[in-house]
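Close look at the chain arrangement
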Amino acid sequence: MNAVLQCLSNTSALRDYCIRREYQLEGTGYRKKRCELMDAFASLISALWEPSASGSVNPIQFQQKFQKLVPHFAGYSDDEKSMQMWKRYLERDDSKIVDLFVGQLNSTLRCTTCGYKSTTFEVFCDLSLPLPKRLSMGDRVSLSECLSLFTAEEELDTDNAPLCGRCNQRKSSTKKLTIQRFPTFLVLHLNRFSLSHYGIRKSTTYVEFPLYGLSLRQCAANKAGNPIYDLYAVCNHTGTVNGGHYTAYCKSGGKWHVYNDSRVSLMQENQVVSTEAYVLFYQLDETRSIR
Ligand SMILES: [Zn+2]
């Protein structure tokens, strides 16, 4: 939790929003329960950025509140068009957090018999990217390869084949995910943990990810443009499935820092990419993106 909190704390727009307590002015957007959680979160963020502060901040109060209130943030799907879905979603759940972190996925099913396509939309606040298999120790992959796997056309089992709207019967189909709407802050989870015959296994594959200029054109749905992102935080996992530790690398004031529980120190930019990177936090470069 510490590592993720540090990444969120270094999400500039979220930090400023919390320190200025702007959510208190939004009234209807936050129900009482959620406001309690925001209060706890904002207090923690304010304490972390208090100019006169020294030493470390214990997040115990936020943790207790979080455990009591864990908000349920479920994605859903429907067969309505993207914009209608998005509007309806905002009516139900509009907030600053949605403005900052939530995007929309396009999921298209295609009947392999007649080619008929049907599209559904669902919201996401992070994307969980698969790592390529078939790798031996020391192999390297690029983030782009993980993104390609994420958007690769998947053949659905004939056993649970979906109903084709044209053939009017269950037909073998393919499914493809693309991104319909890109968030300002994009959270990418490298799915290092997988189930094997021997239990849960952790992959230590070196994933090369860009610090600047990540283009997501390859994942974009038609007309979704060419968004460009820069990295500003990484949550790392060290160790094994049974015993591990989380740290955060975050950029603030143009410099990268390591956050390791109560310790913070400066680090070199060229140390940011490592085999321990687990969750990547990217910020949209508004000036270079085409949306
Ligand atoms: Zn069909």
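Residues numbered from 1 in each chain as written. Predicted model: local features only at pLDDT ≥ 70, side-chain atom pairs only at ≥ 80, totals over all residues. Heavy atoms only, no water.

Points about the nonpolar core
In this structure, Leu143, Phe209, Leu280 and Tyr282 are the most contacted members of the largest nonpolar core, which totals 39 residues. Membership of the second largest hydrophobic core comes to 30 residues, among which are Ile45, Leu69, Ala233 and Val279. (Core = buried A, V, L, I, M, F, W, Y, C linked by side-chain atoms within 4.5 Å. Buried < 20%, exposed > 50% of the residue type's maximum accessible area, 1.4 Å probe, protein only.)

Things to note about unusual backbone geometry
At arginine 21, a position not held by glycine, the phi torsion is positive, near 50 degrees. Relative to the helices and strands, arginine 21 is located in the loop between helix H2 (12-19) and helix H3 (32-49). Phi angles above zero are rare outside glycine, and aspartate 261 is one such case at about 50 degrees. Its location among the elements puts aspartate 261 in the loop between strand S14 (255-260) and strand S15 (263-267). Residue class for aspartate 261 comes out partly exposed when judged on its relative accessible area of 41%. (Helix = DSSP H or I, 4+ residues; strand = E, 2+ residues; numbered from the N terminus.)

Examining the coordination of the zinc ion
Octahedral metals with six donors have ideal donor angles of 90 or 180 degrees. Tetrahedral metals with four donors have an ideal donor angle of 109.5 degrees. Taken together, the protein ligands of the zinc ion are Cys111 (SG), Cys114 (SG), Cys164 (SG) and Cys167 (SG), with distances of 2.3 to 2.4 Å. Each of the four donor atoms around the zinc ion contributes to a set of angles spanning 104 to 117 degrees, which defines the coordination as tetrahedral. Linear spacing of the donor residues for the zinc ion on their chain is C-x2-C-x49-C-x2-C. (Donors = N, O, S within 2.8 Å, 3.2 Å for Na, K, Ca; no water. Tetrahedral: all angles 85-135°; square planar, octahedral: opposite > 155°, others 65-115°.)

Observations concerning the sheet that holds strand S6 (residues 173-181)
Strand order in the open sheet made by the four strands is S2-S1-S6-S5, with antiparallel pairing throughout. Every other strand in the sheet has two partners, leaving strand S2 (117-124) and strand S5 (154-155) as the edge strands with one partner each. Pairing geometry for strand S1 (residues 103-111) and S6, over eight bridges, is antiparallel. Across the sheet, residue cysteine 111 finds its bridge partner in S6, namely serine 173. (Pairing = 2+ DSSP bridges.)

Some details on the confidence of the model for the chain
Summing up the model confidence of the chain, the mean pLDDT is 86 and the portion of residues at 70 or higher is 89%. A low-confidence stretch, residues 71-77 stays under pLDDT 50, and its non-local contacts, those more than four residues away or across chains, total 19 contacts. (pLDDT = per-residue confidence, 0-100. Contact = heavy atoms within 4.5 Å.)

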